[in-house]
Amino acid sequence: MRLLLLEDTIELGEVIDNQMTDEGHAVDWVQTIGQAKAALASTEYDLILLDLMLPDGHGINLLKALRHSGDSTAVIILTAKDQISDRIKGLNAGADDYLVKPFDLSELSARVGAVARRYAGNPNPLIKLADLDIDMNKHLVLRSDATIHLSAREWALLEAFLQRPGILLSKAQLEDHLYAFGAEIESNTIEVYVSRLRKKLGKELIETVRGLGYRMKTS
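Residues numbered from 1 in each chain as written. Predicted model: local features only at pLDDT ≥ 70, side-chain atom pairs only at ≥ 80, totals over all residues. Heavy atoms only, no water.

Considerations on the overall build of the protein
Helix and strand counts for the protein come out as 8 helices and 13 strands. In terms of overall dimensions, the protein is globule-like: its C-alpha atoms have a radius of gyration of 18 Å, near the 17 Å expected for 219 residues. Projected onto its principal axes, the C-alpha coordinates of the protein cover approximately 50 × 35 × 30 Å. For the protein, with 219 residues in total, the buried portion stands at 46%. (Helix = DSSP H or I, 4+ residues; strand = E, 2+ residues; numbered from the N terminus. Rg over C-alpha atoms; globule rule 2.2 N^0.38 Å. Buried < 20%, exposed > 50% of the residue type's maximum accessible area, 1.4 Å probe, protein only.)

Take a look at the structure:
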């Protein structure tokens, strides 16, 4: 997914950035509300990881402004404030989940996946696609109980298709899903990863619509 991480603690931001990137997500990490607003104005994100206590304001105010403007991007609050009243304020402001620092990175990964599946309309982490069994939690793809090994980028591309089954996705949309802002992208990168997925999963699963993009077949 394309994630916006708003966290002003350098050590924690680096750890989360590395964790999410290693899992195949594209992460744009910012440290102030002003930077977050600039990123949101130019980029469509799948999920926002939102700290509350920031140098130029309170994260709740940014969340309220997003919801007031009609922005429904998924939001998980990350904060050291562990009072029940603080959690209630965050959820009432429109957050989808709430994680109290310090937290285990595996729990963060699980919550990111769960929120993403809810927004995609399929909360079940187990997906059946043709002759494949896919476990979204474990990043596992099986065919007849045999594991099909995918790289982080290949998994990220598969996830992009699974979140929008049957929907035509342009090359630009897929690049946004796989790469953070400012990353250098070769002109044929998406074609290369689509080709790799076809070889591993079956060439019939991903349809090319010439000049427009790609679509994951649903049956």
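Structure shown, so let's carry the discussion forward.
Focus on unusual backbone geometry
Between Lys101 and Pro102 the backbone carries a cis peptide bond, its omega angle lying at -5°. Position of Pro102 relative to the elements: it lies in the loop between strand S7 (97-100) and helix H5 (105-120). Phi is positive for His139, which is not a glycine, with a value near 55°. Looking at His139, the relative accessible area reads 32%, which means it is partly exposed. Within the chain, Ser144 stands out as a residue other than glycine whose phi angle is a positive 55°. Tracing the backbone shows Ser144 in the loop between strand S10 (140-143) and strand S11 (146-147). A residue is classified by how much of its surface remains accessible, and Ser144, at 65% relative accessible area, is exposed.

Looking at the environment of Tyr119
Mapped onto the fold, Tyr119 is located in helix H5. Taking the C-alpha atoms as reference points, Tyr119 and Ala74, separated by 45 residues in sequence, lie 7.4 Å from one another. In this view, Tyr119 contacts Arg67, Ser72, Thr73, Ala74 and Asp96; residues no more than four positions away in its chain are not counted. (Contact = heavy atoms within 4.5 Å.)

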